[in-house]
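# Examining the three-dimensional arrangement
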2 protein chains.
Amino acid sequence: MEKQTITIYDVAREANVSMATVSRVVNGNTNVKADTRKKVMDVIEKLDYRPNAVARGLASKKTTSVGVIVPDVTNIYFSSLARGIDDVATMYKYNIILANSDANDQKEISVLNNLLAKQVDGIIFMGNEITDNLRAAFQRTRVPIVLAGSVDEQNTNPSVNIDYVKAVKEEVKVLLDHGNTRIAFICGPMSQAINSKFRLLGYKEALKEAGIPYDENLVFETNNKYREGLELKDQLIEAKATAAMVTDDELAAGVLNGMTDAGIVIPKQFELVTSNDTKLTEITRPTMSSITQPLYDIGAVAMRLLTKLMDKETVEDKEVLLPFGMMKRDSTR
Amino acid sequence: MEKQTITIYDVAREANVSMATVSRVVNGNTNVKADTRKKVMDVIEKLDYRPNAVARGLASKKTTSVGVIVPDVTNIYFSSLARGIDDVATMYKYNIILANSDANDQKEISVLNNLLAKQVDGIIFMGNEITDNLRAAFQRTRVPIVLAGSVDEQNTNPSVNIDYVKAVKEEVKVLLDHGNTRIAFICGPMSQAINSKFRLLGYKEALKEAGIPYDENLVFETNNKYREGLELKDQLIEAKATAAMVTDDELAAGVLNGMTDAGIVIPKQFELVTSNDTKLTEITRPTMSSITQPLYDIGAVAMRLLTKLMDKETVEDKEVLLPFGMMKRDSTR
DNA sequence: AGCAAACCAGTAAGCGGTTACAAATACATA
DNA sequence: TATGTATTTGTAACCGCTTACTGGTTTGCT
């Protein structure tokens, strides 16, 4: 009892016009007389006709789908971006094909190829490490790709971010102003440019301007996991850190709770600043001061940028930096 | 300089075979002589040929894409499910087209139609309120649809869940065992069957067995937002509640922090149990006791079920209930 | 009225694959 | 060697839609 699908032919027959005409009204082509249009629309309505997007895609070479590559949707930083992407995509009649990559080079490439095979019209990539392989794969396709909340030191692709160097620098300065001289820098994988080339730089610059020597023992590289943050307390104490700049909220929550559990009073004895201003910053106790980033907007702007690229509009500014801010909450004095 | 794509024809020509043969080797059809296969594979390799999934989809009427409708990816409960779905989908060579619905009837229906127009092979639906309109739309298509972490009282679609009635009942019993007699039930929209028909029922049953009368004033309906939980403190105090069963972790975090901010010591003066065992339960202080649900697995199993349905395998058990548990943390005594 | 321009609608050739069916080749057996 | 069968491969129709091109109607203007 396969319910057979009705095609453009059925509509054409029923409306006594050619399929070309039906196609025209479906696509809003203006070269159709008003009453013909009406007649066709009525039949479409009556037959509950819905054009087959696959056939359309094949014929027009546009699928109105964009691929979204994300390390892990479960991470609220990325899901926030994804939400912005989806909303704007919907606005422009695109669908998103979402794929988790676990920030794994191999997966990223296989996922990318997969997406390209599906003929997506564009791709939004999140994940901060752009390996040479990946960059090469990016280059090999003519499908526009934009990076969201992710930097590539070589800037081969359009991207939407905030100025991480400056943001970190300013927050570290706040910490310095409070009299801290031993400020820890707790970040994700240094293999990611965003950490090693940008945020760390901001941290160093702030120290430098304050005339405080950079101390490697105050730098902690992690995998951005809550649990890792939790377990950092002893090292932090041993390093005599009195404050920390953390690059991920989950990680920061771990650090916060770990220190608190160790009996350290925050912010009195230890100040902490995090980076992404996700919901988590409000949920922890004490709440966490943070660099504020317009996460949703980063996604939204990236998608908007992508639509322009897909329409072959010329975009002047391919490297968008959105404004950031600082939100003081209870983890700083 | 449009980099032209290479098609199955190019491969056929280059390998001196017909396109049918190429198609066969690409699809792993066994009716191909070993050396022909080799020859074709070499050309595919050499030309870096990747079959056009859209054309394939049109010809074979299978897109290897499944639609995933989710209220909001930003909610960690749903993103956890989504992650399970994606992983299993990838395992079975499917891609997921993700769409946020904001749990809004209108959007859900438009998104559904959209997905169907894209010819997805199946759909996973999350969102607990299945309106008649939506149910009708579900019924109208022959594309298999499974509900993940979402119930429909009328059970018109296969689904994967835990036994919410029982889970809530057991947790409330724990609270009762601790001597609480005024236990609040704080939930999301009652328009969602999962709250009004299942969890509330579990709550009532537990009370009944304990011989405690049901008191409407102890039931709080919200929209599952952190902020709402935060603001519930006065009402909770006024209702003389000494414990609460909460149906969403973000909401619970709000309640927890609200009460704490109001000077109530948890769990000494107020006990709290939440429902989804997401990362949040570990991040709050005190940590939150929770019903444990295999969120990732619910998504994974739902997707696996869907693959069976898409393959037209007969599935005996269309209403999967996964095991749940209880995790005692610091928000209960 | 006559003719060009503007407007509408139809025809048919793809888009890049899958697949039923036919044809060709290989292999086995008598 | 002839014949039957099994195995490979090729041919071509079709999936449902877009769109270039063509031709028929209207409309506007002299």
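Our structure is the block above this text.
Structural notes, computed from the coordinates. Since this is a predicted model, take the numbers as computed values, not measurements.

## Thoughts on the side chain of Ser101 of chain A
Relative to the helices and strands, Ser101 of chain A resides in the loop between strand S2 (95–100) and helix H6 (105–117). Those residues in contact with Ser101 of chain A that sit more than four places away from it in its chain are Ile69, Val70, Pro71, Lys107 and Glu108 of chain A.

## Overview of empty space enclosed by the protein
Scanning all chains against the criterion turns up four cavities of 30 Å³ or more. Counted as a void, the largest cavity has a volume near 200 Å³. Along the wall of the largest cavity there are 13 residues; nearest its centre are Val54, Ser65 and Lys118 of chain A together with Val54 and Lys118 of chain B. Residue assignment for the lining of the largest cavity shows that the elements contributing at least two residues are helix H4 (53–60) of chain A together with helix H4 (53–60) of chain B. A per-element tally of the lining of the largest cavity places H4 of chain A first, with three residues. Among the residues making up the lining of the largest cavity, the classes are represented as six nonpolar, five polar and two charged. What the second largest cavity holds in volume is close to 100 Å³. Lining the second largest cavity we find Ile76, Glu250, Lys279, Leu280 and Ile283 of chain A together with Thr74, Ile76, Glu250, Lys279, Leu280 and Ile283 of chain B. Contributions of two or more residues to the lining of the second largest cavity are made by helix H13 (280–283) of chain A together with helix H13 (280–283) of chain B.

## Some details on the protein's contact with DNA strand C
Taken together, 27 residues lie near DNA strand C, and Thr21, Arg24 and Thr36 of chain A together with Ile8 and Ser23 of chain B sit nearest. Atoms of DNA strand C within 4 Å of the protein: sugar and phosphate make up 59%, bases the balance. With respect to DNA strand C, the side chain of Lys61 of chain A contributes an N or O atom lying 2.9 Å from a phosphate oxygen. The residue makeup of the surface near DNA strand C, split by class, is 12 nonpolar, 10 polar and five charged.

## Some thoughts on the pairing of strand S8 (residues 243–246) of chain A
Residue and element names in this part refer to chain A. Burial along S8 is two-sided: the residues Ala243 and Met245 and Ala244 and Val246 are all buried. Strand direction decides the pairing type here: strand S6 (residues 183–187) and S8, joined by four bridges, are parallel. Within S8, the residue paired with Ile186 across the bridge is Val246. In this structure, S8 lies alongside strand S9 (residues 271–274), joined through three bridges in parallel fashion.

## Some details on helix H3 (residues 34–47) of chain A
Residues and elements named next belong to chain A. Taking 1.5 Å of rise per residue, 14 residues should cover 20 Å, and H3 covers 20 Å from first to last C-alpha, within 8% of that figure. Its buried side turned inward, H3 meets helix H1 (8–15) and helix H2 (19–26). Backbone geometry just after H3 places Asp48 at a positive phi near 55°.

## Let's talk about the protein's contact with DNA strand D
Neighbouring DNA strand D are 29 residues; Ile8, Ser23 and Tyr49 of chain A together with Arg24 and Thr36 of chain B lie closest to it. Take the atoms of DNA strand D that sit within 4 Å of the protein: sugar and phosphate atoms are 60% of them. A distance of 3.3 Å separates a base nitrogen of DNA strand D from a polar backbone atom of Ala55 of chain A. With respect to DNA strand D, the side chain of Thr21 of chain B contributes an N or O atom lying 2.8 Å from a phosphate oxygen. Within the residue set of the surface near DNA strand D, elements represented by two or more residues are H1, H2 and H4 of chain A together with helix H2 (19–26) and H4 of chain B. For the surface near DNA strand D, the class distribution of residues is 13 nonpolar, 11 polar and five charged.

## Describing the interface of chain A and chain B
Chain A puts 56 residues into the contact, and the matching count from chain B is 56 residues. Between chain A and chain B, roughly 4,900 Å² of surface is buried when both sides are summed, and carbon and sulfur atoms account for 48% of that area. Counting every contact that joins chain A to chain B gives 10 salt bridges. Between Arg227 of chain A and Glu282 of chain B there is a salt bridge; the shortest N-O distance is 2.4 Å. Listed by contribution, the elements that provide at least two residues to the side of chain A that touches chain B are H4, helix H5 (76–91), S2, H6, helix H7 (132–140), helix H10 (226–230), helix H12 (249–261) and H13 of chain A. With six residues, the single largest contributor to the side of chain A that touches chain B is S2 of chain A.

## Examining the relation of the copies chain A and chain B
For the match of chain A to chain B, the screw axis carries a shift of 0.1 Å, the RMSD comes to 0.1 Å, and the turn is 180°. The superposition of one copy onto the other is thereby described by a two-fold rotation axis. The position closest to the rotation axis in chain A is occupied by the C-alpha of Ile97 of chain A, lying 2.2 Å away. When you check the interface residues of chain A against chain B, 100% turn up at the interface there too, and the contact is symmetric in its surfaces.

## Overview of the pattern of salt bridges
Throughout the structure, instances matching the rule amount to 42 salt bridges over all chains. Note that Arg329 of chain A and Glu282 of chain A form a salt bridge whose closest N and O atoms lie 3.2 Å from each other. Highlighted residues: Arg329 of chain A in the segment after strand S12 (325–327) and Glu282 of chain A in helix H13, separated in sequence by 47 residues. Judged by its relative accessible area of 9%, Arg329 of chain A is buried. It is possible to trace a salt-bridge network through shared partners that takes in Asp72, Asp102 and Lys107 of chain A together with Arg83 and Asp87 of chain B.

Thresholds, definitions, all that
- Residues numbered from 1 in each chain as written.
- Chains lettered and ligands numbered in written order.
- Predicted model: local features only at pLDDT ≥ 70, side-chain atom pairs only at ≥ 80, totals over all residues.
- Heavy atoms only, no water.
- Helix = DSSP H or I, 4+ residues; strand = E, 2+ residues; numbered from the N terminus.
- Contact = heavy atoms within 4.5 Å.
- 1 Å grid on protein atoms, 1.4 Å probe; cavity = no way out; pocket = protein on both sides within 12 Å on 5 of 7 lines; lining within 4 Å.
- Points joined across faces, edges and corners; volume = space filled by probe spheres on them.
- Nonpolar A, V, L, I, M, F, W, Y, C, P; charged D, E, K, R; others polar.
- Near = heavy atom within 4 Å.
- Polar contact = N/O pair within 3.5 Å; in protein donor to acceptor, adjacent residues only side chain to side chain.
- Buried < 20%, exposed > 50% of the residue type's maximum accessible area, 1.4 Å probe, protein only.
- Pairing = 2+ DSSP bridges.
- Expected span 1.5 Å × (residues − 1).
- Buried area = accessible area lost by both parts, 1.4 Å probe.
- Salt bridge = Lys/Arg side-chain N within 4 Å of Asp/Glu carboxyl O.
- Least-squares fit on C-alpha atoms with pLDDT ≥ 70 in both.

Note that every value here comes from positions in space, so none of it alone points to a role or purpose.
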